[in-house]
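Geometric and topological summary
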Amino acid sequence: MQYNYDRFSPDHYTFGGHGKVAVGESIPDSKIFQLSGEESTLHGQLGALTVLETGSLTCPLYRSNIHPMLDLQREYSDVKFLVLYVREAHPGERTSAHDAITDKIEAASQLRTQDTENRQILVDDVAGSLHRKLGLMPDMVYVLDADGTVLASIEDNDPSSVAAMLNAIQSNQDPSAITPQFNRPSPRHVFPTLWAGGWIALYDFFSTLPKLLKSRSDSGET
């Protein structure tokens, strides 16, 4: 299936945890880009307990979680918090699917001003090489040790569960035993985020919403 799609459909996602890196496995290394355009690798950004979240300018789930995650970053100052910018969740005429890394970096940079996102932002390549290895969901979270071993993961970010996982690690307990909840983004996040994509993004989201909700329900989410 095409990675960078022009129109949103739930068919582009792999609900139910398919394709995720399992707990105990090492997260795959891959080339990434800094907002400066400098090339690096994912493993080169680790070296400490790390929370890695995927996201994009047009993802309501990710953008609704930015400020709760920034609160966690302030609370857990010894933990690295990274954002991996992936494909546009809801592309449209205002923010389209990316066919050049410069466009993708420019879109990622808008998070600094639109949402005051101050976590370190890493940009996946245009082909989504790293995102494909992680499971293709738009707002995933991986909790990694300093060497990149997966300690826990969440298919759709739940900041309260991330906090519980970090507390479990600090208490020498198993963070993967924590069951995250799916939190639907509020309309105050949904509409501005979809508008970042444009009218096409708004139309595609609401016209496919019944199928999206069914896909989530079938995978065990509510």
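Let me begin by describing the structure that accompanies this report. Keep in mind it's a predicted model, so treat the numbers as computed, not measured. (Residues numbered from 1 in each chain as written. Predicted model: local features only at pLDDT ≥ 70, side-chain atom pairs only at ≥ 80, totals over all residues. Heavy atoms only, no water.)

A tally of regular secondary structure across the chain gives eight helices and seven strands. By the compact-globule yardstick of 17 Å for 222 residues, the chain fits well, its C-alpha radius of gyration being 16 Å. With respect to the three principal axes, the spread of C-alpha positions in the chain is 50 × 40 × 30 Å. The buried share of the chain, taken over its 222 residues, is 53%. Of all intrachain contacts in the chain linking residues separated by at least 6 positions in sequence, the fraction that spans at least 24 positions is 71%. Accessible area of the chain: about 9,600 Å², with a carbon and sulfur share of 51%. (Helix = DSSP H or I, 4+ residues; strand = E, 2+ residues; numbered from the N terminus. Rg over C-alpha atoms; globule rule 2.2 N^0.38 Å. Buried < 20%, exposed > 50% of the residue type's maximum accessible area, 1.4 Å probe, protein only. Contact = heavy atoms within 4.5 Å. Areas by Shrake-Rupley, 256 points an atom, 1.4 Å probe, with all protein chains shown as cover.)

What follows deals with the packing of aromatic side chains. Summed over all chains, the structure comprises four aromatic pairs. Considering the side-chain rings of W195 and W199, the 5.0 Å spacing of their centres and the 70 degrees angle between planes classify their relative orientation as edge-to-face. On the accessibility criterion, W199 (59% relative accessible area) is exposed. Members of the aromatic cluster, each reached through a chain of ring pairs, are F191, F205 and F206. (Phe/Tyr/Trp six-rings, centres within 6.5 Å; stacked < 30°, edge-to-face > 60°.)

A separate point is the pairing of strand β5 (residues 120–124). Most of β5 is tucked away: four of the five residues are buried. Across two bridges, strand β1 (residues 31–33) lies against β5 in antiparallel orientation. Directly across from I32, in β5, lies its bridge partner D124. Summarising the sheet, strand β4 (residues 80–85) and β5 pair through four bridges and their orientation is parallel. (Pairing = 2+ DSSP bridges.)

As a further point, take the sheet that holds β5. Reading across the sheet, the seven strands line up as β2-β1-β5-β4-β3-β6-β7 and stay open at both edges, with mixed pairing between neighbours. Of all strands in the sheet, those bounded by a partner on one side alone are β2 (39–41) and β7 (150–154). Across the sheet, the mean angle from the axis of one strand to that of its neighbour is 30 degrees, orientation sign disregarded. The strands touched by helix α3 (residues 101–114) within the sheet are β1, β4 and β5, with β5 carrying the most contacts at an inclination of about 155 degrees. (Axes fitted to C-alpha atoms, helices over the stretch in contact; angles between N-to-C directions.)

All right, on to the side chain of T58 then. For T58, the location among the structural elements is in the loop between β3 (50–55) and α1 (60–64). A distance of 3.1 Å separates a polar side-chain atom of T58 from the backbone nitrogen of A89. Among all residues touching T58, those that are not within four sequence positions of it are E88, A89, H90, P91, T95, T193, A196 and G197. (Polar contact = N/O pair within 3.5 Å; in protein donor to acceptor, adjacent residues only side chain to side chain.)

What follows concerns the pairing of strand β6 (residues 141–144). In β6, alternate side chains face the same way, and those of V141 and V143 on one face and Y142 and L144 on the other are all buried. Taken together, the four bridges between β3 and β6 define a ladder with antiparallel strand orientation. Within β6, the position partnered with L52 by the bridge is Y142. Taken together, the four bridges between β6 and β7 define a ladder with antiparallel strand orientation. Across the sheet, L144 pairs through a bridge with V150, a residue of β7.

Read these as spatial facts, not as claims about activity.
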